[in-house]
Amino acid sequence: QVQLVESGGGSVQDGGSLRLSCAASGNILSVNVMGWYRQAPGKQRELVASITTTGTTNYADSAKGRFAISRDNAKNMMYLQMNSLEPEDTAVYYCYAQRPAAFYNYKYWGQGTQVTVSS
């Protein structure tokens, strides 16, 4: 019931910046948290950042101080501003939206967008 469309990925140089966007549609009122995962080849999928409906944010240790997650509720948009990018940030980034369900939390996923940081 929730559709997520990502944009903003691409290739940048070491130290550069990118701004990822995620547009949500559908039954967005059911969502209580949104965020971003990433997965690089040979690595475990990692939660990069999340934001709740009350504005509480959470960041992976590797993202703290460099990344900033934000939202625009009026436009049903979520953003991930990534600064001081490093080659280690290279991964496929996935937008997600979470809603409560019976005895678990259900996640909707975007299609993924490639972020490549060259040294």
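Use the structure listed above.
Colleague: Got a sec to walk through the layout of surface pockets? Specific residues and values, please.
Modeller: There is about 240 Å³ of room inside the largest pocket. Every residue lining the largest pocket is counted, 14 residues in all, and those nearest its centre are Ile 28, Met 34, Thr 53, Arg 71 and Asn 73. Listed by contribution, the elements that provide at least two residues to the lining of the largest pocket are strand E4 (33-39), strand E5 (46-52) and strand E7 (67-72). Classifying every residue of the lining of the largest pocket gives seven nonpolar, five polar and two charged.

Colleague: So, the side chain of Arg 38: which residues are in play, and what are the values?
Modeller: Secondary-structure assignment places Arg 38 in strand E4. A polar side-chain atom of Arg 38 sits 2.8 Å from a polar atom in the side chain of Tyr 93. Here Arg 38 is in contact with Gln 44, Arg 45, Glu 46, Val 48, Ser 62, Phe 67, Asp 89, Ala 91, Val 92 and Tyr 93, once residues within four sequence places are set aside.

Colleague: Explain the environment of Met 82 to me, using residue names and the numbers behind them.
Modeller: Mapped onto the fold, Met 82 is located in strand E8 (residues 77-82). Separated by 65 residues in sequence, Met 82 and Ser 17 have C-alpha atoms that sit 5.4 Å apart. What Met 82 contacts, discounting residues up to four positions off in sequence, is Gly 16, Ser 17, Leu 18, Leu 20, Arg 66, Phe 67, Tyr 93 and Val 115.

Colleague: Tell me about the pattern of salt bridges, residues and numbers included.
Modeller: Across all of its chains, the model carries four salt bridges by this definition. Across the salt bridge formed by Lys 64 and Asp 61, the nearest N and O atoms sit 3.3 Å from each other. The network of salt bridges with shared partners includes Arg 38, Glu 46, Arg 66 and Asp 89.

Colleague: Mind laying out the sheet that holds E8, listing which residues take part and the relevant values?
Modeller: Strands pair in a sheet through their backbones, by hydrogen bonds, and they do so in one of two ways: parallel or antiparallel. With antiparallel pairing, the four strands of this open sheet are ordered in space as E1-E3-E8-E7. Looking at the sheet topology across the chains shown, the edges are occupied by strand E1 (2-7) and E7. Pairs of neighbouring strands in the sheet enclose a mean axial angle of 15°, with direction left out of account.

Colleague: Could you give an account of the pairing of strand E11 (residues 113-118), naming the residues involved and the relevant values?
Modeller: Regular strands place their side chains on alternate faces of the sheet. Side-chain alternation along E11 places Thr 113, Val 115 and Val 117 on a buried face and Gln 114, Thr 116 and Ser 118 on a face that remains uncovered. Bridging between strand E2 (residues 10-13) and E11 involves four bridges; their strand directions are parallel. Following the sheet pairing, Val 12 is matched in E11 by Val 117. Bridge count for strand E9 (residues 91-101) against E11 is three bridges, and the pairing is antiparallel. Its bridge partner being in E11, Tyr 93 is matched across the sheet by Thr 113.

Cut-offs used in this document
Residues numbered from 1 in each chain as written. Predicted model: local features only at pLDDT ≥ 70, side-chain atom pairs only at ≥ 80, totals over all residues. Heavy atoms only, no water. 1 Å grid on protein atoms, 1.4 Å probe; cavity = no way out; pocket = protein on both sides within 12 Å on 5 of 7 lines; lining within 4 Å. Points joined across faces, edges and corners; volume = space filled by probe spheres on them. Helix = DSSP H or I, 4+ residues; strand = E, 2+ residues; numbered from the N terminus. Nonpolar A, V, L, I, M, F, W, Y, C, P; charged D, E, K, R; others polar. Polar contact = N/O pair within 3.5 Å; in protein donor to acceptor, adjacent residues only side chain to side chain. Contact = heavy atoms within 4.5 Å. Salt bridge = Lys/Arg side-chain N within 4 Å of Asp/Glu carboxyl O. Pairing = 2+ DSSP bridges. Axes fitted to C-alpha atoms, helices over the stretch in contact; angles between N-to-C directions. Buried < 20%, exposed > 50% of the residue type's maximum accessible area, 1.4 Å probe, protein only.

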